[in-house]
Amino acid sequence: MQCPRSQFLPTLPKRPYLCLVLEKGDGSLSDIFCEDVNQRNAKLRAAVLAKMSPKEILQQFVIGLAYIHSKTDALNNRISHRDVKLENVLIRELERDGRFQIKFTDFDSAKLLDVGESAVKVTTGDFTEVYKDPLIDAKKKAGEQVTIEDYIAHDVFAAGCAIYEILTDGAPLFKGPSFAETLKMKENYDLSNLHASAIDPLAKNLVQTMTQKNPDDRISMEEAKNAPYFQDSSAHIQALNGVNESILQLDETNRQDKAKLEANNMSFFMILLQMWKTFAFINKRVLKNTKYSNSLTSFLRYCRNLLIHVQQNKEALGDQFGKDPTPEKLLDAIEEEVPGTKLHV
């Protein structure tokens, strides 16, 4: 897959001016994924979605921004875009196969960041408020230097906001009943709109991991490329098995292993805030057949067994998940109620 970035075509000297010829996009992602689609945009939207799914568009989006953040030249420089938003991502139909490719544009706010320096001073460009990480203003207000890592983390935060808009046809991640409430939600990193939305649970997880309050807790764009949302269900089941097996290998009689188990169980209960056996996806008949404790190990073992032995438990699962239960259906049910488990996969 080609990197989604704008291409400079040959310049045309026209004294005393220098003309720069650029590719022409068919529109931007804001034209396609918006709450009010006009007639022209509706035609473009239909053409794009006939060729690509929103997930495929998001994959290109994540790959493109990961490329922008990567080391790209002999000087070991990186680039922070600093104005990631749907309006700044163009989409263009490819002549060879009629599919579409997205291109990042509007780099007037971008900053070339030298890896060797810890702090940078940027005087060009402005952030777009809806996508701006509150940390940037907080550090400036406190008189602290905004570092390279801050600008990269800001791009990740803005990308999380943009991904949510793509999946909700333009609905902002942070939106309250008034402008003041909207700003308050963003300042507090209030993700209640995300949690209440009907988007794919794995997509929720992706957005949540990109918009954490602490930049150190956010995934990088490189890590986002391999997010569970972009994998098929068999990969999730294998990953779940791997986590389970790794925990089972810990020796409870060993002091260090026991501490790891206790820490895992504590964080597990802090995420769930309730006993896992009470969740809607738990099948009482399957649960009754085997003894499970309240630990993280037992929860993962139950999920693994449920997914692997679907046919064996088909009768028991039929009333709960329909006459034809599949691992995919069960996985969706688990992820809907316990998306936090995917943070560790």
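Colleague: I keep staring at the packing of helix H4 (residues 134-141) against helix H5 (residues 148-167) and nothing clicks. Help me out?
Modeller: Each packed pair of helices is defined by two parameters, the angle between the axes and the distance between the axes. As a packed pair, H4 and H5 sit with axes 9 Å apart at the nearest point and diverge in direction by 150°. With respect to each other, H4 and H5 are oriented roughly antiparallel. Counting all contacts with H4, which are made through Pro134, Leu135, Ile136 and Lys139, the residues of H5 involved are Asp150, His154 and Phe157. Tallied by class, the residues present in the contact of H4 with H5 amount to four nonpolar, one polar and two charged.

Colleague: Would you explain the confidence of the model for the chain in this entry?
Modeller: The predicted coordinates of low-pLDDT regions are not to be read in fine detail. Across the chain, the average pLDDT comes to 76, with 73% of residues at or above 70. Counted against residues more than four places away or in other chains, residues 114-125, with its pLDDT under 50, gives 28 contacts. Taken together, the stretch residues 340-345 has pLDDT below 50 and engages in 13 contacts with residues farther than four places along the chain or on a different chain.

Colleague: In this structure, what is going on with the pattern of salt bridges? I would like to understand it.
Modeller: Two side chains that carry opposite charge are able to pair once their charged atoms sit near each other. Applying the stated criterion across every chain, the model contains seven salt bridges. Close ionic contact of Glu222 with Lys225 constitutes a salt bridge, the shortest N to O distance being 2.9 Å. With a relative accessible area of 31%, Lys225 lands in the partly exposed category.

Colleague: Would you take a moment to explain a negative patch on the surface for this structure?
Modeller: A cluster of acidic residues, Asp26, Glu93, Glu95 and Asp97, forms a negative patch on the protein surface. Relative to the helices and strands, Asp97 is located in the loop between strand S5 (89-93) and strand S6 (100-104).

Colleague: Explain the pairing of S6 to me, please; I cannot follow it from the model alone.
Modeller: On any regular strand, side chains alternate: one points to one face of the sheet, the next to the other face. Counting buried residues in S6 gives five out of five residues, a clear majority hidden from the surface. Burial along S6 is two-sided: the face carrying Phe100, Ile102 and Phe104 and the face carrying Gln101 and Lys103 are both buried. Direction of pairing for S5 relative to S6: antiparallel, over a ladder of five bridges. Within S6, the residue paired with Ile91 across the bridge is Ile102. Adjacent in sequence and paired antiparallel, S5 and S6 are bridged by six residues, among which Gly98 carries a positive phi angle near 80°.

Colleague: I keep staring at the side chain of Thr182 and nothing clicks. Help me out?
Modeller: Its place among the elements puts Thr182 in helix H6 (residues 179-187). If we skip the residues at most four places from it in the chain, Thr182 touches Phe174, Lys175 and Gly176.

Colleague: Would you mind showing me how to read helix H8 (residues 201-210) here?
Modeller: Helical geometry note: an α-helix holds 3.6 residues per turn, so side chains three or four residues apart project in the same direction. Burial analysis of H8 places nine of its ten residues in the buried class, the great majority of the element. For H8, the full list of buried residues reads Pro201, Leu202, Ala203, Lys204, Asn205, Leu206, Val207, Thr209 and Met210.

Colleague: What's the story with the packing of aromatic side chains in this structure? I'm lost.
Modeller: Any aromatic ring pair is given by two values, namely how distant the centres are and how the planes are angled relative to each other. For the structure shown, the criterion picks out four aromatic pairs. A ring pair is formed by Phe61 and Phe104, whose centres lie 5.4 Å apart and whose planes are at 45°; its orientation type is tilted. On the criterion of sequence distance, the pair formed by Phe61 in helix H3 (residues 54-69) and Phe104 in strand S6 is long-range, its members being 43 residues apart. Residue classification places Phe61 among the buried residues on the basis of a relative accessible area of 0%. On the basis of relative accessible area, Phe104 is assigned to the buried category, the value being 1%. Aromatic pair Phe157 and Tyr189: ring centres 5.8 Å apart, planes at 80°, arrangement edge-to-face. Separated by 32 residues along the polypeptide, Phe157 in helix H5 and Tyr189 in the loop between H6 and helix H7 (192-196) bring together distant segments of the chain. Note on accessibility: Phe157 and Tyr189 belong to one class, buried. The rings of Phe157, Phe174 and Tyr189 are connected pair by pair, giving a single aromatic cluster.

Parameters at a glance
- Residues numbered from 1 in each chain as written.
- Predicted model: local features only at pLDDT ≥ 70, side-chain atom pairs only at ≥ 80, totals over all residues.
- Heavy atoms only, no water.
- Axes fitted to C-alpha atoms, helices over the stretch in contact; angles between N-to-C directions.
- Helix = DSSP H or I, 4+ residues; strand = E, 2+ residues; numbered from the N terminus.
- Parallel < 35°, antiparallel > 145°, perpendicular 65-115°, else oblique.
- Contact = heavy atoms within 4.5 Å.
- Nonpolar A, V, L, I, M, F, W, Y, C, P; charged D, E, K, R; others polar.
- pLDDT = per-residue confidence, 0-100.
- Salt bridge = Lys/Arg side-chain N within 4 Å of Asp/Glu carboxyl O.
- Buried < 20%, exposed > 50% of the residue type's maximum accessible area, 1.4 Å probe, protein only.
- Patch = residues over 30% accessible without salt bridge, like charges linked within 9 Å, V, L, I, M, F, W, Y side chains within 5 Å.
- Areas by Shrake-Rupley, 256 points an atom, 1.4 Å probe, with all protein chains shown as cover.
- Lys, Arg positive; Asp, Glu negative; His and termini not counted.
- Charge placed at Lys NZ, Arg CZ, Asp CG, Glu CD.
- Pairing = 2+ DSSP bridges.
- Phe/Tyr/Trp six-rings, centres within 6.5 Å; stacked < 30°, edge-to-face > 60°.

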